[in-house]
Number of protein chains: 2
Amino acid sequence: MDKNLLQQYNEWEKRVAAYQMALSLIEVDKQTVAPSAGSRYRNEKAAILSGEQFSLRTDPAQAELRAKLLAMPDLPFEDRRRIELTDKKIRNTMVIPKDVFVAYAEFRSNSFVAWRRAKQENDYSVFEPYLKQMIEYKKKIYGYRNRPEPIYDQMLDDYEPGMDMVQYDAFFGLMKERLLPLIQAVQQAKPIEDSFLYLDYPVAGQKEFMETILRYIGVDRSWCYQNETEHPFTSSLCENDIRITTKYVPNNVSAAVFSTVHESGHGYYTHNVAPEYDGTVLYNGISSGMQESQSRLCENYLGRTKAFWEANYAQLQRIFPEQLGNVPLDDYVRAVNVSRPTLIRTRADELTYPIHVLIRYELEKGLFDGTIPTEGLDRTWNEMYQKYLGISSLTASQGILQDVHWGEGLIGYFPTYALGSAIAAQFVHTMRRQIDVDELLRTGHYTDIIAWLRENIHKYGSLYNAREILKRVTGEDFNPEYYVEYLENKYKTLYAL
Amino acid sequence: MDKNLLQQYNEWEKRVAAYQMALSLIEVDKQTVAPSAGSRYRNEKAAILSGEQFSLRTDPAQAELRAKLLAMPDLPFEDRRRIELTDKKIRNTMVIPKDVFVAYAEFRSNSFVAWRRAKQENDYSVFEPYLKQMIEYKKKIYGYRNRPEPIYDQMLDDYEPGMDMVQYDAFFGLMKERLLPLIQAVQQAKPIEDSFLYLDYPVAGQKEFMETILRYIGVDRSWCYQNETEHPFTSSLCENDIRITTKYVPNNVSAAVFSTVHESGHGYYTHNVAPEYDGTVLYNGISSGMQESQSRLCENYLGRTKAFWEANYAQLQRIFPEQLGNVPLDDYVRAVNVSRPTLIRTRADELTYPIHVLIRYELEKGLFDGTIPTEGLDRTWNEMYQKYLGISSLTASQGILQDVHWGEGLIGYFPTYALGSAIAAQFVHTMRRQIDVDELLRTGHYTDIIAWLRENIHKYGSLYNAREILKRVTGEDFNPEYYVEYLENKYKTLYAL
């Protein structure tokens, strides 16, 4: 093998990563502390750097170099994977004529602004023409790839390689079949008291408790900071530089905690990727479903267990004696697991969450196969919420306009949110056979659980796709049965069904 | 004039500015919130971006373009100035052979690390060989410019265009002649009671008071944020994105306030530069002396006046009733203006400050003309402190190693600190004839004073050098007599001499 060619590739990859580091940091800064009046200047300069990165990424000499490398039979597996993944992403960009690419980028900015205005003004008709055009743009842009698969399948594959409508239909079919009856049964069961979660919880106390939680989950400021934003997120610059954000809600004791545990799941994933993958697609190319599997695993499969709170609840009671002093641990744990149909996906409980995603998946599918028009989609939305969850939104802002994704052109992304929860369930099933998760949670050994995730999942980054890694870890292909069983067991016990 | 050439220049300038924005942000992030363990990765990527910017800046085609533009007789004045300034800076870099440039950059990093270790270990001998080599490097690097002026003169000119040893000798000569006797007289006068400034002042209260001060000085978070760092600084990304930092000292009521007012002086300067200069050398090329004139003007000539505190002291007393409730305004104002010889430059009072700078200037001059060796410089340092201020340091950390500048190769920079104070005095002399500064301070119209500075100084950025702008504003060349008179009047009154 020609080591010199690989060296050239590595040098180029490092340069691309340098722009990525700067662009990520500019975005984190913007979302957290940047003075608002400077945004025009910063955006203009960030766009220039994006452009320089784009030129570097799409350099034809580099495409030739990658082709040469991939033609070498003795190229090591890891190198092959990282060059192949990179090449695929770049080819998908390079097929788009530059004028179309530029026009789409500009349209996407306008579409985002239209979505934001529509949401503010609670008026879907402001956004509808943009959504219509977004779909046309997607068809056009994906059309250049000249692939035999339906456009929506290609979009699904971009966010979760290996997934398509056939598989998602089966997955969401199972959700409908098994979860909808369970949701109905829970609705008819005796409600669980949880009003004590929504008293006045001063933010200073919540922050004090957050320190306890960060120590408990082992998040160390030397490699991970925490900041505040309206919409919490995680940004990973490299294995040793993770930024997670949270939002404190004064009348909700658990929102910030679960949000932080969720984001720390993303953070740990990228913290634990093998350090030598830093700056490569093996680091930053982890699929959305895999990402979400780890955040939801931490939030729900660890964070909402009794064992987690056995280790932490006394401290929470100490900080908020008036609000929680008389609430026993069991009542608190039941309360943070209550299920009831609500309108907002990001605040949905574990049981109804996949139905929120199912609705979006069915809408996206229909928008692309032409069976659902963008006109009147706000009504279609409400009809589906009514049908599946027995509720509907009086306002478009709380309904079809609640999520930014479509406005930004993220179509085919939503399904990975439910997929992630299902992947997590399958991982957890295996993990619980290998280590005593509850005992570790109870005794303050949360990081031992993270160590299991690191060794089995995290360290590989995107070296394997979701189905490959599931096979390696659990011994079988993706199987959503674990997810349904987990939810059935959990909620039947919780609601004594 | 060929508009097209100018357009090409502007495009190039914007690209250079894009890298600068990213590099500044990476630096601010590093100094404030970045996880420490990520520094290796970030530094490596920042170095790559620096390299890309360097290639862009030193592109020979651009040098040709600048030459063509500068040869046009009808090139407008502002354009000429910004292209000339840029060209000069780049030429001074381009004359250095690349291998020397790279070796020096690496040496500088090592030298900084050596300085830091020397300071930690309180051992000048760890740093001495680096200082010696730094001077050799400076001679070598400046040698490539092939100019007739002495090397140290060229270095002085880099930080404050138009200044040289002849002028600084005259300036510091005046300081010696007039300030040393005054410092002695103050030492022998009745001491002013100021111990109440150094009681326990909880940081929470200091932060509350800081909000009052920020409102009073008109710093608005939409264009200027405030963060905390060990060593306060200001970073200006563009006119509408300024980052200032401060440090709260629990047993010092005024340290954070004066530091913030100081940094806000830098911040206002760059906030008020004409917006169309954003991203050009007219924005970011303001000389060190001019920069310091505005920060010191705000800190000392405004912030330490009785009028400033007439507007704010009651609030400070309200927050700290136990510590300051019985301290009258006059006593407080006298206390924050106390002068006594101390070891640390950054904490020196207004009167002794220029002497700290004088000592560094005389040492730098001697190091370059060969009359002072690096060997034993810690002892030479102490002898000069003993001679001028009657004190000397028992430790190198508090003496010769206190400042980072020489370790980082910033030689010729120190003199601008004292120069800035003197320039400020000359500006203030004119300003006080044109507006009623004390009345504006007393009545909460601080920003009207800033408006005067904006109209007379800030808006020009680096369109004029210090001496030109002094001439425009005050009608005469730089005249340090105003500075000495200001200090004499102030301290003779304060100490009833």
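Residues numbered from 1 in each chain as written. Chains lettered and ligands numbered in written order. Predicted model: local features only at pLDDT ≥ 70, side-chain atom pairs only at ≥ 80, totals over all residues. Heavy atoms only, no water.

Enquirer: Looking at this structure, how should I read the overall build of chain A?
Expert: Summing up its helical and strand segments, chain A has 22 helices and three strands in all. In terms of C-alpha radius of gyration, chain A reaches 23 Å, essentially the compact-globule figure of 23 Å for 497 residues. Taking all 497 residues of chain A together, 56% fall into the buried category. Within chain A, contacts between residues at least 6 apart in sequence are counted, and of these 73% link residues at least 24 apart. (Helix = DSSP H or I, 4+ residues; strand = E, 2+ residues; numbered from the N terminus. Rg over C-alpha atoms; globule rule 2.2 N^0.38 Å. Buried < 20%, exposed > 50% of the residue type's maximum accessible area, 1.4 Å probe, protein only. Contact = heavy atoms within 4.5 Å.)

Enquirer: Looking at this model, I keep getting lost on the relation of the copies chain B and chain A. Mind explaining?
Expert: Superposing chain B onto chain A takes a rotation of 179 degrees combined with a translation of 0.0 Å along the rotation axis, leaving an RMSD of 0.1 Å. The transformation just described matches what one would write down for a two-fold rotation axis. In terms of proximity to the rotation axis, the leading residue of chain B is B:A22, whose C-alpha is 3.0 Å off the axis. (Least-squares fit on C-alpha atoms with pLDDT ≥ 70 in both.)

Enquirer: Looking at this structure, I do not really get the packing of helix α10 (residues 255-272) of chain A against helix α12 (residues 288-302) of chain A. What am I missing?
Expert: Axes are the key here: two packed helices are described by the angle between their axes and the distance separating the axes. Residue and element names in this part refer to chain A. Packing of α10 against α12 leaves a shortest axis separation of 7 Å and a crossing angle of 135 degrees. With respect to their mutual orientation, α10 and α12 come out oblique. Considering only the axes of α10 and α12, their crossing is right-handed. The segment α10 lies against α12, with F258, V261, H262, G265, H266, Y269 and T270 engaging M290, Q291, E292, Q294, S295, R296, C298 and E299. Partitioned by chemical class, the residues of the contact of α10 with α12 number five nonpolar, seven polar and three charged. (Axes fitted to C-alpha atoms, helices over the stretch in contact; angles between N-to-C directions. Parallel < 35°, antiparallel > 145°, perpendicular 65-115°, else oblique. Left-handed = near helix turned anticlockwise from the far one by under 90°. Nonpolar A, V, L, I, M, F, W, Y, C, P; charged D, E, K, R; others polar.)

Enquirer: Could you clarify how one ought to interpret the interface of chain B and chain A in this entry?
Expert: Bring the parts together and some accessible area is lost; that lost area is often taken as the interface size. Counting residues at the interface gives 38 residues for chain B and 37 residues for chain A. Regarding the contact of chain B and chain A, the summed buried area is about 3,000 Å², with carbon and sulfur atoms giving 67% of it. On the chain B side of the interface with chain A, the three residues burying the most area are B:M21, B:P35 and B:Y41, jointly 20% of the side's total. Counting across the chain B and chain A interface gives six salt bridges. The partner of A:D29 in a salt bridge is B:R243, and the shortest N-O contact between them spans 2.7 Å. Run the count over chain B and chain A and you get 17 residue pairs in polar contact (both at pLDDT 80 or more). Elements with a contribution of two residues or more to the side of chain B that touches chain A: α1 (3-32), α2 (39-57), β1 (224-228), β2 (234-238) and β3 (241-246) of chain B. Of the residues forming the side of chain B that touches chain A, the biggest block, 10 residues, is contributed by α1(B). Across the side of chain B that touches chain A, the residue classes tally to 21 nonpolar, five polar and 12 charged. (Buried area = accessible area lost by both parts, 1.4 Å probe. Salt bridge = Lys/Arg side-chain N within 4 Å of Asp/Glu carboxyl O. Polar contact = N/O pair within 3.5 Å; in protein donor to acceptor, adjacent residues only side chain to side chain.)

Just distances and angles here, no functional claims.
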